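Observations on the three-dimensional arrangement
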Amino acid sequence: MSTRTECYQLPDARLLAYADDTSDITPDELAVTLRELDDRELTYPEVMRLINVLGSPSADAIKSMVIATSTSIRTRKHGRAVVPMAPVEVTNRCSSNCVFCGWRASNQDMQRLTISEKLVQLQTRYLVRKGIHDIELVGGDDTTFVRDTLPSLLPQIRKELPEDGMTHFCTMALTSNQYRDLRECGADSMIMWQETYDADLYRRSIPTGPKARGIDENFRVLRDGDGFRFRLESQDRAAREGLAVSVGSMLGLNPNLGFEMLATIDHARYLSETYLPEHPVIVGMPTWNHITTPRTDRRPEHTLSVEDSFSYLASVYFLSLHLHDVWVFPNCRVSISAQADAVRAAGVFTSTEVKLGPGGYLTAALGGMPEGDREVVFAELPLLRTEKPALDEMEQFRHHHHPHEEYVREFAQRDLFFQARG
C-alpha cells in the first residue's frame, strides 16, 4: 500500500500542444520508427503523427505496418493467451446524468431493475463454468448499490471464483476510505473510465449527480465539488488502498482524438510507474455507442466511427505502453471480428458474452440450473417465463453480443486462446 499523498496532474497544456501538431508520417519514416520499438515506446509526437494519418491516402499502408509491428511485439511479450472477463450488472438505477448513457437519471424511457444478490451469484456461476474467472460487478452511480449491496456481495462472489479469479467493480468515483472498505470486503480491482480528459467537455457531458460533483464519506454529493478532478484522482486513491486500477477515454465523445489518447497514455504511464501495482494497469477502449432507448438517444449520427480503425488504435496504445506493466483492453462495443483483430494486435484482456443490463445472463443460464434455482429466478423475474423477455431493453447501450463459445472460435482462428490469469 502506497503512502503517497500526491495525485495525477493532467498536463493538459502540454498534451494539447502535441495534439495541435497536424503533421503525419510517411511509410518510409514509419519503417525507421518501428524498427526501434523493441527497445522503446512511441513518443507523444509520434502518437499524434500516427493519429493524423487517419483519412489520408497512406492510411491503409501505415495501419498495416503499425498493426504488424504491434502484433509481433504483443506475441513475443504475452504469447497467444487472452484473459476473459464479464460484467454482471446488479442495477441500472443511476443518480448521475451523463448525456451519452442510457442509464442517466433523467432518461424516463429506461425501465429500471435491481436484482437480488442470489441472482448475481447464479449468473457468476454460469460465467465461471465457461472459464470466465474475472467478474466485474456493475451498478451505475446508484448509492444504495455501492453503499449497501456491494460490500455484502463481494465476499459472496469471491467464494464463487476459482483461486485465479479476480473481482472487479465499476461505480462512481469513491473516497480512499470507501475504496479501503471494498478492498477489505474482497474487491481486487476498480474499473474506471475518465470518459474524457477535457474538463470542459466532461462538465458539459455530465452536468449533475455524483459523477459531476464527487461524493463525501457518507456518499452525499458534494455541493460545489469538482467531479472531473475527483474522478481523475480516483485511481490514485484506489491504488493506495491496494486495488488494481484502469484508465480509459470514450472514443468518439471528443472530436480531438489525439488529445484523449495522449492523456490516456500519460495517465497509464504515471500509474504504472508510481505504484508498481501487483496487477497490470488496464487501458480500456470504450466507444460512444447508441443507447437502447432511441427516443432519448443523444449520440449524433455522424460521430467518430472506430470500427475500421479499432485494431490500429489499440496498436498505437500498445506500442506507447508495451514497456510498462499495462494491458490494453479491446471490448465488445465493436463487432466480434474487429474485437478479435484488436486483441491479436494489442490486447491481453477482453470481454466476452457481455450483457449490459441487470439479469442479462439469466435467460441463457436457466438451462443449466437446478430446478430450485430456476424457481428462485422465476419468482423474482416472472418476465423470464415469456418467450422474449425485455431484459435487453434495459441495457446501458447497444453492443455486440455472442455466446462465449463463439468468441473462443473467433479467437482460435487468430491463433489466440483464453486462459485465466497466471
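Now for a description of the structure that goes with this document. Predicted model only: the values in this text are computed from it and were never measured. (Residues numbered from 1 in each chain as written. Predicted model: local features only at pLDDT ≥ 70, side-chain atom pairs only at ≥ 80, totals over all residues. Heavy atoms only, no water.)

Notes on the nonpolar core
Ranked by size, the top nonpolar core spans 116 residues in total, and within it Leu10, Leu50, Leu137, Phe169 and Leu174 carry the most contacts. Residue contributions to this core peak at 10 residues, all from helix α12 (residues 257-275). Aside from chain neighbours lying at most four places away, what touches Leu10 is Leu15, Tyr197, Phe228, Leu232, Phe259 and Ala263. Counting 13 residues, the second-largest nonpolar core is a separate cluster that includes Val82, Cys332, Leu416 and Phe418. (Core = buried A, V, L, I, M, F, W, Y, C linked by side-chain atoms within 4.5 Å. Buried < 20%, exposed > 50% of the residue type's maximum accessible area, 1.4 Å probe, protein only. Helix = DSSP H or I, 4+ residues; strand = E, 2+ residues; numbered from the N terminus. Contact = heavy atoms within 4.5 Å.)

Considering the side chain of Thr293
With respect to the secondary-structure elements, Thr293 resides in the loop between β6 (281-284) and α13 (310-321). Judged by relative accessible area, Thr293 falls into the buried class, the value being 7%. In this view, Thr293 contacts Asn107, Asp109 and Met110; residues no more than four positions away in its chain are not counted.

What to know about the packing of helix α3 (residues 44-52) against α12
For the pair α3 and α12, the least separation of the axes is 10 Å and the interaxial angle reads 145 degrees. In this structure, α3 meets α12 at a crossing whose hand is right-handed. Within the contact between the two elements, α3 uses Tyr44, Val47, Met48 and Ile51 and α12 uses Leu257, Gly258, Met261, Leu262, Ile265, Asp266 and Arg269. (Axes fitted to C-alpha atoms, helices over the stretch in contact; angles between N-to-C directions. Left-handed = near helix turned anticlockwise from the far one by under 90°.)

So, the pairing of β6
Of the two faces of β6, the one holding Val281 and Val283 and the one holding Ile282 and Gly284 are both buried throughout. Pairing of strand β5 (residues 246-248) with β6 involves three bridges; the strand directions are parallel. Looking at the pairing, Ser246 lines up with Ile282 of β6. Pairing of β6 with strand β7 (residues 326-329) involves four bridges; the strand directions are parallel. Paired with Val281 across the two strands is Val326, which belongs to β7. Handedness of the crossover joining β6 and β7 through α13 is recorded here as right-handed. (Pairing = 2+ DSSP bridges. Right-handed = clockwise from strand over helix to strand, strands pointing away.)

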